[in-house]
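A structural walkthrough
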Amino acid sequence: MKNSLLEQNLFAKIEKIVKQITPQDSLSSWYDWRWQIKNTIRDIDSFELISGIKFNQQEKAEIAKTVEKFPLSITPYYLSQIIVDDYKNDPIFKQAFPDPKELIVSSADMEDPLSEDADSPVKGITHRYPDRVLFHISNKCAMYCRHCTRKRKVGDIDFIPTKEEILEGIEYIKSNPVIRDVLLSGGDPLMLPDDFLDWILTEIEKIPHVEVIRIGTRIPVVLPYRVTNNLVNMLKMHKPLWINTHFNHPRELTNDAIGALDKLSDAGIPLGNQSVLLSGVNDCVYIMKKLVRKLVQNRVRPYYLYQCDLSMGLSHFRTPVSKGIEIIEGLRGHTSGFAVPTFVVDAPGGGGKIPVMPNYMISCSTNKVVLRNFEGIITSYQEPDNYEHKYCDKNCDECNLYLKLEPQEKTEDVGIKKLLFDSNEVISLVPNDMERIENRNNV
Ligand SMILES: *Cc1c(COP(=O)(O)O)cnc(C)c1O
């Protein structure tokens, strides 16, 4: 009863918005994603008119100044989800509408905190991890999220790269046989025309060493009507394709968003979700628990929870890292294991994602480890007495396990893994600017 009344209100609200924006159109235009894009709200006056929210002169001046630096773009659909009476606390409003606090420059702010540009061998590609790349194939977004990590690029003229530009990236992937996973990102890849995206996916699939393709998109959250039958039928032809979406708050899982997720799932596409921890939006154990439960209920696996990056203009959104740990503490054990995302800090300077979590191992001896569970029970696990260490020098012929590494698979290890490798001569990793070590070399 309560629900249907809400629905009625929503339809009335939608009809009113459609009439305000395009008096000649009917309610059905709303569900046309092209109408949504064409009528994206990009200035304060239109926002006031359509939302019914009124700012005073001073507020308006401050918002205008903010928009000059970080432009505004909100789909009518996402705007319709704002609770107008309490907009200042509304998580939808906060993610979509500029806050003058974006102009505050914090001492921690960085232009490109993840060094995505520095780790870019060719335009559009960020190659940071040994076996996978990030491929920016679109500069367009349906909505400009206020917490965008690539805020530096938001509002650069929206463009769709040419086939030639995309081919440069594809050539890079082709000529690097180590790349087995390609993450399409942007902007939003689902802002590309179906046939162009189809072409990109087809070209990447032709590369024999690419085993999996992923798309990172916020379309199901901010423009669910873009998930058309045509789009889904096209995506369905590409295997194996994974999609990661970006829900931050349970209220974003509207019936229409759920409809889009259903279509993608029914097409056999595995869905994940990456949330960003945002002050005043979802920095609450109970909100996050509601979010992850609603996600798995709709066949979306919570993948990552990100600590807010150090990009310019995000200082008001940042929480301490400890908030994320507190949230994971409140999820692990308390709800389904597969509903618990991995909390990560994307290392400033381009170190990649670093998982952080509560400590579950309390102590250990040579034959026991002491662990604690989510309830506070402290337990001990007796280690095996007779485990025989299997010396490994990647010589599979000498080993009784069923793995026969091909010569090209015997690549050199990096990082801590390298220290753990049995037949490696490296016994320590040393920072490259250590005076003590440099002096040693000079002797
Ligand atoms: C996040 C990211 C990836 C993918 O990381 P996964 O942990 O495999 O999801 C790859 N490249 C870059 C540059 C990234 O930022």
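A few points on the structure. Remember, predicted model here, so these are calculated numbers, not experimental data.

Reading guide: rules and limits
Residues numbered from 1 in each chain as written. Predicted model: local features only at pLDDT ≥ 70, side-chain atom pairs only at ≥ 80, totals over all residues. Heavy atoms only, no water. Pairing = 2+ DSSP bridges. Helix = DSSP H or I, 4+ residues; strand = E, 2+ residues; numbered from the N terminus. Axes fitted to C-alpha atoms, helices over the stretch in contact; angles between N-to-C directions. Near = heavy atom within 4 Å. Polar contact = N/O pair within 3.5 Å; in protein donor to acceptor, adjacent residues only side chain to side chain. Areas by Shrake-Rupley, 256 points an atom, 1.4 Å probe, with all protein chains shown as cover. Nonpolar A, V, L, I, M, F, W, Y, C, P; charged D, E, K, R; others polar.

**Topic: the sheet that holds strand β11 (residues 368-372)**
- The strand order across the open sheet formed by three strands is β10-β11-β12, and the pairing between neighbours is antiparallel. Single-partner strands in this sheet number two, and they are β10 (361-364) and β12 (378-382). Strand-to-strand twist in this sheet, taken as the mean axis angle between neighbours without regard to direction, amounts to 25°.
- Bridge analysis of β11 against β12 gives five bridges, and the strand direction is antiparallel. Counterpart to lysine 368 in the pairing with β12 is glutamine 382.

**Section: unusual backbone geometry**
- The step from glycine 186 to glycine 187 runs through a cis peptide bond, and the omega angle for that step is 15°.
- Residue placement: glycine 187 occurs in the loop between β3 (181-185) and α8 (194-205).
- Note that the residue after lysine 239, namely proline 240, is joined by a cis bond; omega there is -10°.
- The topology assignment puts proline 240 in the loop between α10 (229-236) and β5 (241-245).
- Phi at arginine 299 is positive, roughly 60°, even though this residue is not glycine.

**Some points on the site of the ligand**
- Residues in contact with the ligand, as listed here, are Thr126, Arg128, Tyr129, Arg132, Leu134, Leu183, Arg214, Tyr303, Tyr304 and Lys353.
- Side-chain polar atom of arginine 214 to an oxygen atom of the ligand: 2.8 Å apart, as the coordinates give it.
- Between the ligand and the protein, one listed contact pairs an oxygen atom with a side-chain N or O atom of tyrosine 303 at 2.6 Å.
- In isolation the ligand exposes 390 Å². Once the protein is present, 91% of that is buried.
- Per element, the largest residue contribution to the shell around the ligand is three residues, and it comes from strand β1 (residues 125-129).
- In the shell around the ligand, the residues fall into five nonpolar, one polar and four charged.

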